[in-house]
Amino acid sequence: RSASRLTPYRCSGVGLALCRRLLEEDGRIHLCIACRNAQKSEATRDLILTTHPAAQVSTVEVDLGSLASVLRVARELRCRFQRLDFVYLNAGIMPNPHVNFKALWQGLLTGRLLHMLTTAEGVMTQTDRLNGDGLQEVFATNLFGHFILVRQLETLLCGNEKPSRLIWTSSSNARESAFSLSDYQHAKGQESYSSSKYATDLTSVVLNRKFNKQGLYSSVVCPGLVMSNMTYRILPVFLWKLLMPIMWLIRFFAKTYTLTPHNGAEAHTWLFKQKPEYLDALVKYHSCTSGLGKSYVEPRKMDVDEEIAEQLYQKLLELEKQALERYGDLLD
């Protein structure tokens, strides 16, 4: 069939695993993969074709942290496709991550260590910066670039014969305590990643309210703790190798330690097979893995305030208006 899937992601990790798993579910789909680097996206395409040589796989180049790049790729996609059935919004960054060892020690003393290890609450800090558009880089890449892309692709997503789906990669690290509506870009804090993921959850909730009647449905997933390029930047590789046996043991107590990209893509793949009309817009779908390695999906109610979600949405629309005025030459 002529279904098209758009999957923004790094050329490894959950994104690549997801592409392979989607093709295992339905080899007839047309995958369109998006990377910041054209060479990496072509290399990823080649990797996919080694295991699925008959697959329909195309590529686009986009930097979700650049508004001009997002607008250009949206225009290209509108020219290429008549509709999009699934958009997997999986791109994300965590610049300059630091582990708060003092917080870990306090967690050990207070009995909260396992909770902290499974949610990264109070454990991870980041140093953010402004990008070329004058936006906080993490906010721009993890949320706003995706938001603009979705808005620019509305004609391909809404009013189709079958429902279209947005599937956002969120995190168990998405916490209300890291988010402030008055500082929604998180310019003043040190937990920009957590803030951006909580803003993602809020945005998905509002998108359902705005677009379900037009046949567009939004869901959020958490891949769990996956060993990926992003994860390996937190600690030196040799430390991860020393910690891996311990992490496999922790998985008997912490089911969100999915560890492998294949396991991390469990919720993404599960949602591919569900009827969106029956899903709960206030639920996040977590990829989980048992201590013996069995993957499954666990729905968990999100801790979101729908009024705050609406207010954030209005702020995103205001920011979008400013962006489109600046880049009017890239619009049709």
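Residues numbered from 1 in each chain as written. Predicted model: local features only at pLDDT ≥ 70, side-chain atom pairs only at ≥ 80, totals over all residues. Heavy atoms only, no water.

A word on the overall build of the protein chain
Counted only if it meets this: Runs of H or I in DSSP of at least four residues are treated as helices and runs of E of at least two as strands, each being numbered from the N terminus. Shrake-Rupley sampling with a 1.4 Å probe provides the accessible areas, and residues are treated as covered by the protein chains on show and by no other component.
When its secondary structure is counted, the protein chain shows 13 helices and ten strands. For the protein chain, the computed accessible surface area is about 15,000 Å², with 53% contributed by carbon and sulfur atoms.

Observations regarding a nonpolar patch on the surface
The criterion, for reference: For patch detection, residues must exceed 30% relative accessible area and be free of salt bridges, and they are connected within 9 Å for like charges or within 5 Å for nonpolar side chains (Val, Leu, Ile, Met, Phe, Trp, Tyr). For salt bridges, the criterion is a side-chain nitrogen of Lys or Arg within 4 Å of an Asp or Glu carboxyl oxygen.
A surface patch of nonpolar side chains, amounting to about 550 Å² of accessible area, comprises L249, F252, F253 and L292. Within the secondary structure, L292 sits in the loop between β9 (283-289) and β10 (295-301).

Description of the nonpolar core
Just so we agree on the cut-off: Remark: nonpolar core denotes a set of buried residues (Ala, Val, Leu, Ile, Met, Phe, Trp, Tyr, Cys) joined through side-chain atoms within 4.5 Å. Burial classes follow relative accessibility: with a 1.4 Å probe on protein chains only, a residue under 20% of its type's maximum area counts as buried, one over 50% as exposed, and anything between as partly exposed. Residue contacts are defined here by distance: any two heavy atoms, one from each residue, within 4.5 Å place the two residues in contact.
Counting 55 residues, the largest nonpolar core has F144, L153, L157, L166, F179 and L312 as the members making the most contacts within it. Sequence-distant contacts of F144, that is, excluding residues within four places in its chain, are made with L67, L135, F139, L316, L319 and E320. Counting 26 residues, the second-largest nonpolar core is a separate cluster that includes L18, F86, Y285 and V297.

Examining helix α3 (residues 67-80)
Put simply, the test is: Expected span of a helix: the number of residues minus one, times 1.5 Å.
For α3, built from 14 residues, the straight-helix expectation of 20 Å at 1.5 Å per residue is met to within 8% by its first-to-last C-alpha distance of 20 Å. All buried positions along α3 are accounted for by L67, A68, S69, V70, L71, V73, A74, L77 and R78.

Thoughts on the pattern of salt bridges
A complete count under the given rule lists 17 salt bridges for this structure. In this structure, E154 engages R151 in a salt bridge whose closest nitrogen and oxygen atoms are separated by 3.2 Å. Taking the relative accessible area as the measure of exposure, R151 reaches 25% and is therefore partly exposed. When the shortest N-O distance is used, the salt bridge between E320 and R151 registers 3.0 Å. In this pair, E320 is assigned in helix α13 (residues 306-326) and R151 in helix α6 (residues 137-152), connecting sequence segments 169 residues apart. Judged by its relative accessible area of 7%, E320 falls in the buried class. One salt-bridge network, in which partners are shared between bridges, spans R209, K210, E306 and E310.

Digging into the side chain of D85
For D85, the position within the fold is in the loop between α3 and β4 (86-89). Relative accessible area serves as the criterion here: at 8%, D85 is assigned to the buried category.

Things to note about the state of the cysteines
For the record, the criterion: Criterion for a disulfide: a pair of cysteine sulfur atoms within 2.5 Å.
According to the stated counting rule, one finds zero disulfides in the structure shown. Residue C288 stays outside any disulfide, its sulfur separated by 8.0 Å from that of C222, the closest cysteine. For C288, a relative accessible area of 0% corresponds to the buried category.

Structural notes on the pairing of strand β8 (residues 216-222)
Test applied: Strands pair, by our definition, only if DSSP identifies at least two bridges between them. By definition, the crossover connecting two strands over a helix is right-handed if that path, from the first strand to the second, turns clockwise as seen with the strands pointing away from the viewer.
Within β8, seven of the seven residues are buried, which leaves the element mostly enclosed by the surrounding structure. Neither face of β8 is open: one carries L216, S218, V220 and C222, the other Y217, S219 and V221, and all of them are buried. Bridge analysis of strand β7 (residues 164-169) against β8 gives six bridges, and the strand direction is parallel. Counterpart to T169 in the pairing with β8 is V221. As for the winding sense of the linkage, the β-α-β connection from β7 through helix α8 (residues 192-211) to β8 is right-handed. Note that β8 and β9 share three bridges and pair parallel. Across the sheet, V221 pairs through a bridge with Y285, a residue of β9.

Some thoughts on the packing of α6 against α8
Selection criterion: Think of each axis as a best-fit line through the C-alpha atoms, taken over the contacting stretch in the case of a helix, with angles from 0 to 180 degrees between the N-to-C directions. Working definition: roughly parallel below 35 degrees, roughly antiparallel above 145 degrees, roughly perpendicular at 65 to 115 degrees, and oblique for all remaining angles. We call a crossing left-handed when the near helix sits turned anticlockwise from the far one by less than a right angle, and right-handed when that turn is clockwise. Under the grouping applied here, Gly and all other residues not named as nonpolar or charged are polar, the nonpolar ones being Ala, Val, Leu, Ile, Met, Phe, Trp, Tyr, Cys and Pro and the charged ones Asp, Glu, Lys and Arg.
Interaxial distance between α6 and α8 falls to 8 Å at its minimum, and their mutual angle equals 15°. As judged from the angle between their axes, α6 and α8 are roughly parallel. The chirality of how α6 crosses α8 is right-handed. Facing α6, whose interface residues are V138, N142, L143, F147 and R151, α8 presents S192, Y193, S196, K197, A199, T200, T203 and F211. Residue composition of the contact of α6 with α8, by class: six nonpolar, five polar and two charged.

A look at the pairing of β7
For β7, a buried count of six out of six residues is recorded, marking the element as mostly surrounded by other parts of the structure. Burial along β7 is two-sided: S164, L166 and W168 and R165, I167 and T169, pointing in opposite directions, are all buried. Taken together, the four bridges between β4 and β7 define a ladder with parallel strand orientation. When the bridges of β7 are listed, F86 appears paired with R165.

Things to note about the environment of H52
The criterion, for reference: Under the rule applied, a polar contact is a pair of N or O atoms within 3.5 Å (in protein, one hydrogen donor and one hydrogen acceptor; residues adjacent in sequence only if both atoms are side-chain atoms).
Its location among the elements puts H52 in the loop between α2 (38-51) and β3 (56-61). Overall, the relative accessible area of 18% leaves H52 in the buried class. On a C-alpha basis, the gap between H52 and G27 in space is 8.1 Å, while along the polypeptide they are 25 residues apart. H52 has contacts with R20, L23 and E24, leaving out every residue within four places of it along the chain. Looking at H52, its side chain comes within polar contact range of the side chain of T51, at 3.0 Å.

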